[in-house]
Amino acid sequence: MNPQLLPPEIALHVFSYLPYQSLLTCALVSRRWRTLADDQSLWKSLCLSRKWEWRVPAQASLLGPEHTRSEEVDLDDEGMGDEEDSSDDDTPADDSGFASMDVDVDTPLPSSSSSAVLPVAGPSHQVRSSRTRHSAPSVLQSPAATPHLKPHYKLLHQTHVHLRNRFTAGSYTLSNLQTRGAPNSHSNTIYCLQLYTYPETGTQVLFTGSKDRTIREWDLSTGSVIRVLDGVHESSVLSICVYRGLLASASSDRRVVVWDLAKNEAIKVIRDHEDSVLCVRFDDRRLVSCSKDRTVRTYLFPDLKRQHILNAHRAAVNAVAISNNQIVSVSGDRSLRLWDAETGAVIRTFENHHRRGIASVDFRHPFVLSGSSDKHIRLLDVSTLQGWSTSPSADNKPPVVAELGSGVVCEACGSNTSAAAASQPPPRRRAHEDLVRSVALGSEFVVSGSYDFTVKVWDRQTGALVADLAGGHTGRIFCVGFDYTKIVSCGEDQRICIWDFSHGIDTSFIKL
C-alpha cells in the first residue's frame, strides 16, 4: 500500500513510533508528510518522554528585605569534614578544607553485600569573551523573545536539541552575578547555591548561602538581590535546599533552619547535631541532615519530628541526598551508604567507593554521582552496580573520555556530525586536578566543580568529558548547579559565575 494513501489518523499512529530524527527526514519527502511530521501531538509525546515541559513566561517575582554584613575573609572550607586515614594514599596529608578531628581508625568495617585561570579552548570549544559585571547577563531575559500563547512542541524539542549542542560544543558566555565587593552582595565566601523556580509564577531565581551568615535570593534577569534571610544563623551557612516554598539551611553553628518563603521567616530551628551541619536535603515527606559529628538525622513533615539517627559512618558525613524513599550518604571514611528512609536500615554499603574521602554526592534513583578528594567523580547505578569513573583504578579500565565538542546533532535533520569520526580513538583528557567539592546530576549531563578552579561537564551515560570550563573563578569552587540553559558556580573568591549556553536563543517557553 502506498503510505501516501493512508488516512491521517493511521499515518500519525505510524509516525508516533519514529524517533525525532526520522520525523525530520519524513518532513522532506512531501508536503503531506511534512504536515504529518510537524503534527504537535507527535512532538508533544517526544518532549514528555524527555520531561521537557512548555511554560508561559511569567512576570511576577517575590521581593524581600535587603541587608549586608561585613566580615573578614577566611580561606578555610568549613563545609568539609574530616577524612579517614589511608595508608596507601599518595596525596600529601595537608589537604586544605578538611577539618582536624580524631577518627576511629580501628573500628572494624561493617559487613555489606589564587591567580586567575585562563579559559581552556579545544578545537570545537567556543568561549565568548568573558566580562566582569555585577548583574546576570541580559540574555537570561531572552531578548527578542515573543510571547508564545499556544505550546509549540516541535519548537520546544528543537530548542532543547540546540541547547544540548551548545553544551556539547562548549559554547557559552560567562558572566559574574556577583564579584567581591559588589553592592548588596555577600561579604565573604559563598558555600552553597541552588536554582529555584517558583511554581506559582514560573519565575526562576538563585539562592546562595555564605560565610557571612546570610542567605540571598537573586533575580536572574536583573542580577539584583531581592531577598536576604538572616538573623538566625550564628555562623557560616554551609548548605541550602529549596523546594515547594520552603528553604532549609545548614550551618557550622550546628543548626538546621527551615524558612517559609511566602512568610519570609524562619518557622523551625533544629539543634540536634553536635558539630557543624554540612548538608541538608528534603522532599515531600522528610528532611535529612548530616554533620561532622558523623551522623545522619531524619525528620518527618509537617512538624519535623525526629525520625532516625543513622550513625554507621566512621568520619564526618560530608553530604547526603534523598530520592525515591532512599537516602545516600558519603563520608570522609571513603564509603557510600544507601539507606531505607522509612526504616533507617542500611540497604547497602560501598566501602572504599573512592580512594580518599568523599566530598559530594547527588542522587536520582537509581543513579548516584559522587566526587572525592581523590580528584575523581564516579557514577553508579545502585540497581545494577554498573557505572563509570574518571579514575582508571576504579574498574581497571581507562576513563571514557570523548573529544570536546563531539556528538553534535543537526537540528534540521537529526544526524550526528561525529559519526564519521566515531571509530577514531578519543584524545586523553585530564580529570580534575584537586578535590571535587560539588557534583550535580542531570538527565543527559553531569557537572562537577573543584578546588582546581574549574567546572567540568560530563556525558551522564558514558562519562565522556563534554566541556572544560575555566577562567571564571580565581579560587576553589564550592558549589555548582545547572539546568537546560546554564551552569552556576560559586566559591571562596566570592564570585557567582553564570556559564550561559542559551546566548541568543529564545528560551522563555522552556520550563526550568
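Criteria and thresholds
Residues numbered from 1 in each chain as written. Predicted model: local features only at pLDDT ≥ 70, side-chain atom pairs only at ≥ 80, totals over all residues. Heavy atoms only, no water. Helix = DSSP H or I, 4+ residues; strand = E, 2+ residues; numbered from the N terminus. Expected span 1.5 Å × (residues − 1). Buried < 20%, exposed > 50% of the residue type's maximum accessible area, 1.4 Å probe, protein only. Arc of directions from axis to C-beta. Contact = heavy atoms within 4.5 Å. Polar contact = N/O pair within 3.5 Å; in protein donor to acceptor, adjacent residues only side chain to side chain. Salt bridge = Lys/Arg side-chain N within 4 Å of Asp/Glu carboxyl O. Pairing = 2+ DSSP bridges.

Undergrad: Any chance you could explain helix α5 (residues 153–169) here in plain terms?
TA: Each α-helix turn comprises 3.6 residues. Residues three or four places apart therefore point the same way. Helix length check: α5, at 17 residues, gives a terminal C-alpha distance of 24 Å against a target of 24 Å (1.5 Å per residue), a fit within 8%. For α5, the buried fraction is high: 14 of the 17 residues fall into the buried class. Directly beyond the C-terminal end of α5, a positive phi value near 65° is found at Gly170.

Undergrad: Before we go on, may I ask you to explain helix α4 (residues 40–49) in this structure?
TA: For α4, every residue scored as buried is listed here: Leu42, Trp43, Leu46 and Cys47. Around the axis of α4, the buried residues are gathered within 130° of arc, so they sit on the same side. At its buried positions, α4 is contacted by α1 (8–15), α2 (20–26), α3 (31–37) and α5.

Undergrad: Teacher, can you tell me more about the side chain of Ser489 here?
TA: Relative to the helices and strands, Ser489 is located in strand β27 (residues 486–491). Engagement of the side chain of Ser489 in a polar contact is seen with the side chain of His473, the distance being 2.7 Å. A polar contact of 3.1 Å, which involves the side chain of Ser489, links it to the side chain of Trp499. Apart from residues lying up to four places away in sequence, Ser489 is in contact with Leu193, Val455, His473, Ile477, Cys479, Val480, Arg495, Ile496, Cys497 and Trp499.

Undergrad: Even after reading the chapter, I still don't get unusual backbone geometry, so can you show me in this structure?
TA: The phi torsion of most residues other than glycine is negative, and most of the peptide bonds are trans. In this structure, the amide linkage connecting Phe301 to the following residue, Pro302, adopts the cis form with an omega of 10°. As for its position among the elements, Pro302 is in the loop between β12 (296–300) and β13 (305–310). A cis geometry characterises the amide bond from His365 onward to Pro366, with omega recorded as 10°. Within the secondary structure layout, Pro366 lies in the loop between β18 (358–364) and β19 (367–372). The phi dihedral of Asn184 falls on the positive side, at around 60°, and the residue is not glycine. Relative to the helices and strands, Asn184 is located in the loop between β1 (173–178) and β2 (190–197). With phi around 75°, Arg213 is a residue other than glycine that occupies positive phi space.

Undergrad: Which parts of the structure should I look at to understand the pattern of salt bridges?
TA: Should their charged atoms come close, side chains of opposite charge can pair. Under the counting rule described, the total for this entry stands at 22 salt bridges. Between Glu217 and Arg227 there is a salt bridge, and its shortest N-O distance comes to 2.5 Å. In this pair, Glu217 is assigned in strand β4 (residues 215–219) and Arg227 in strand β5 (residues 225–229), connecting sequence segments 10 residues apart. Assessed through its relative accessible area of 1%, Arg227 is described here as buried. When the shortest N-O distance is used, the salt bridge between Arg255 and Glu234 registers 3.1 Å. Of this pair, Arg255 sits in the loop between β7 (246–251) and β8 (256–260) while Glu234 sits in the loop between β5 and β6 (237–243), placing them 21 residues apart in sequence. Taking relative accessible area as the criterion, Arg255 reaches 14% and is therefore assigned buried.

Undergrad: Just to check I follow, could you spell out the pairing of strand β23 (residues 445–450) for this structure?
TA: Side-chain positions along a regular strand alternate between the two faces of the sheet. Counting buried positions along β23 yields 6 of 6 residues, so the element is predominantly enclosed. Covered by surrounding structure in β23 are Phe445, Val447 and Gly449 together with Val446, Ser448 and Ser450, the residues of both alternating faces. Bridge analysis of strand β22 (residues 436–441) against β23 gives 5 bridges, and the strand direction is antiparallel. Considered in β23, the bridge of Val439 is made with Ser448. Hairpin remark: β22 followed by β23, antiparallel, with 3 residues in the connecting loop. In the sheet, β23 pairs with strand β24 (residues 455–459) via 5 bridges, with the strands oriented antiparallel. Bridge assignment links Gly449 to a residue of β24, and that residue is Val455.

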